[in-house]
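# Report on the structure
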Amino acid sequence: MLSRTADHLFWLSRYIERAENTARMLDIAYQTSLQPQSADESEQTWRSLVSISELNGLYGAKYSTINSRNVMEFMVADESNLSSIFNCLRAARENARAVRGSLTTEVWETMNQTWLEFRRLLREGALTRDPSQLFEWVKYRSHLSRGVTVGTMLQDEAFHFIRIGSFLERADNTARLLDVKFYRQDDTGTERDAARDFYYWSAVLRSVSGFEIYRKVYSNVIQPDKVAELLILRADMPRSLSHCVTRMLANLKRVANAQSGETLRRVGRLEAELAFGRIDEILAQGLHPFLDGFLAEVADLGNGISRDFLV
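What counts and what doesn't
Residues numbered from 1 in each chain as written. Predicted model: local features only at pLDDT ≥ 70, side-chain atom pairs only at ≥ 80, totals over all residues. Heavy atoms only, no water. Helix = DSSP H or I, 4+ residues; strand = E, 2+ residues; numbered from the N terminus. Buried < 20%, exposed > 50% of the residue type's maximum accessible area, 1.4 Å probe, protein only. Expected span 1.5 Å × (residues − 1). Arc of directions from axis to C-beta. Contact = heavy atoms within 4.5 Å. Core = buried A, V, L, I, M, F, W, Y, C linked by side-chain atoms within 4.5 Å. Polar contact = N/O pair within 3.5 Å; in protein donor to acceptor, adjacent residues only side chain to side chain. Axes fitted to C-alpha atoms, helices over the stretch in contact; angles between N-to-C directions. Parallel < 35°, antiparallel > 145°, perpendicular 65-115°, else oblique. Left-handed = near helix turned anticlockwise from the far one by under 90°. Nonpolar A, V, L, I, M, F, W, Y, C, P; charged D, E, K, R; others polar. Salt bridge = Lys/Arg side-chain N within 4 Å of Asp/Glu carboxyl O. Phe/Tyr/Trp six-rings, centres within 6.5 Å; stacked < 30°, edge-to-face > 60°.

### Observations concerning unusual backbone geometry
Not every positive phi belongs to a glycine, and serine 209 is a case in point at roughly 55°. Tracing the sequence through the fold places serine 209 in the loop between helix H10 (197–207) and helix H11 (211–218). Taking the relative accessible area as the measure of exposure, serine 209 reaches 44% and is therefore partly exposed. Here the phi dihedral of serine 219 falls at roughly 45°; this positive angle occurs in a residue that is not glycine. You can see serine 219 is positioned in the loop between H11 and helix H12 (224–232). When its relative accessible area of 64% is taken as the criterion, serine 219 is described as exposed.

Okay, structure coming up:
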């Protein structure tokens, strides 16, 4: 496969996954904002969303205050924010158009229709009228795109590059979400009251569709260490770090070439660390340092994949 084609396939799936992840986080923040809370708590909720995507500088240059309206506009429809849902869906569609011949008709039509329909919804004021419904629509379209890809595409190199992009982006997002939610800090830099763990960890679980899974696996009240274990080490949890890395490795093996040995080795080592890791050991070293290291490793793996296979 041409490296340019692989590059488009890799990034179209990353952009779709990023749009879904952004919609998930915004939906949880919006639902939370409808509950009784202080102005400081509300601001911190929306501030954390900007922090997850490392967009504090860009947001601050455009908006003087942090509130629900500004953050949702910035994260959903702002064309200057390359990580906004608007730009992610547009980029996914443009990457799909560039490799139209490598996709099935169903996959292309899903990508194209998603972009056209999203623009229509924004023009009609869907974000202002019912943000939660718009976020659900974005998640649904991402699920549809993923399902059509798995259900209609030949499982060749094109398919594997799409899956590699999806799992890499999902792993990055889950780690960022865990890190920000676990280490929420106020303006003085102190950690928030531990008594509010239930509130924040419930939001984390719901943002990754893991609330019901947690109840099924642990049959217990929500505990931070159990949530961390579920989202880091449980290989049967679809959005966990372990699951994402395992699936990424499986797909990388199918497209391995003469120069990808080091990247495969590093992904395999990371998979082993997660497969045989224990949550008490991770918490003993500190969840924040662990997630920082994981995010750095994921970024390096993305660079390695680009170097080995892409443009």
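Having seen it, we continue.
### What about helix H14 (residues 261–275)?
Compared with an ideal rise of 1.5 Å per residue, which puts 15 residues at 21 Å, H14 spans 21 Å between its outermost C-alpha atoms and is within 8% of the ideal. Of the residues making up H14, those classed as buried are Thr263, Arg266, Val267, Leu270 and Leu274. Angular distribution of buried residues about the axis of H14 spans 95°; they occupy a single face of the element. Where the residues of H14 are buried, they touch H12, helix H13 (241–254) and helix H16 (287–309).

### Some thoughts on the side chain of threonine 263
Here threonine 263 is to be found in helix H14. Of the residues examined, threonine 263 reaches a relative accessible area of 3% and is grouped as buried. Excluding residues within four positions of it along the chain, threonine 263 makes contact with Leu301, Gly304, Ile305, Arg307 and Asp308.

### Thoughts on the nonpolar core
The biggest cluster of nonpolar side chains holds 98 residues, and the ones touching the most others in it are Leu26 and Ile232. Excluding residues that lie within four positions of it along the chain, leucine 26 makes contacts with Trp46, Leu49, Val71, Met72, Met75, Val76, Ile85 and Phe135.

### Notes on the side chain of glutamate 297
Relative to the assigned elements, glutamate 297 resides in helix H16. A distance of 3.2 Å separates the side chain of glutamate 297 from the side chain of arginine 266, its partner in a polar contact. In this structure glutamate 297 touches Arg266, Arg269 and Leu270, once residues within four positions along its chain are discounted.

### Quick word on the packing of helix H5 (residues 85–98) against helix H6 (residues 105–123)
Contact geometry for H5 and H6: axes closest at 9 Å, N-to-C directions at 150°. As summarised for this structure, H5 and H6 are arranged roughly antiparallel, according to the angle between their axes. Taken as a pair, H5 and H6 cross one another with a handedness that is left-handed. Contacts from Ile85, Phe86, Leu89, Arg90, Arg93, Ala96 and Arg97 of H5 reach H6 at Trp108, Met111, Asn112, Thr114, Trp115, Phe118, Arg119 and Leu122. Split into classes, the residues belonging to the contact of H5 with H6 amount to nine nonpolar, two polar and four charged.

### Observations regarding the pattern of salt bridges
Applying the stated criterion across every chain yields a total of 26 salt bridges. Ionic pairing is found between arginine 90 and glutamate 79, a salt bridge with its closest N-O pair at 3.7 Å. In this pair, arginine 90 is assigned in helix H5 and glutamate 79 in the loop between helix H4 (68–76) and H5, connecting sequence segments eleven residues apart. For arginine 90, a relative accessible area of 29% gives the class partly exposed. A salt bridge links arginine 278 to aspartate 280, with the shortest nitrogen-to-oxygen separation between them at 2.9 Å.

### A closer look at the packing of aromatic side chains
For the coordinates displayed, the defined rule picks out nine aromatic pairs. Geometrically, the ring pair formed by phenylalanine 118 and tryptophan 137 is stacked, given 6.2 Å between the ring centres and 20° between the ring planes. One end of the pair, phenylalanine 118, is in helix H6; the other, tryptophan 137, is in helix H8 (residues 131–152), with 19 residues separating them in the sequence. For phenylalanine 118, a relative accessible area of 0% gives the class buried. Classification of tryptophan 137 by relative accessible area gives buried; the value is 17%. Between phenylalanine 161 and phenylalanine 309 the ring centres are 5.5 Å apart and the planes differ by 70°, which places this aromatic pair in the edge-to-face class.

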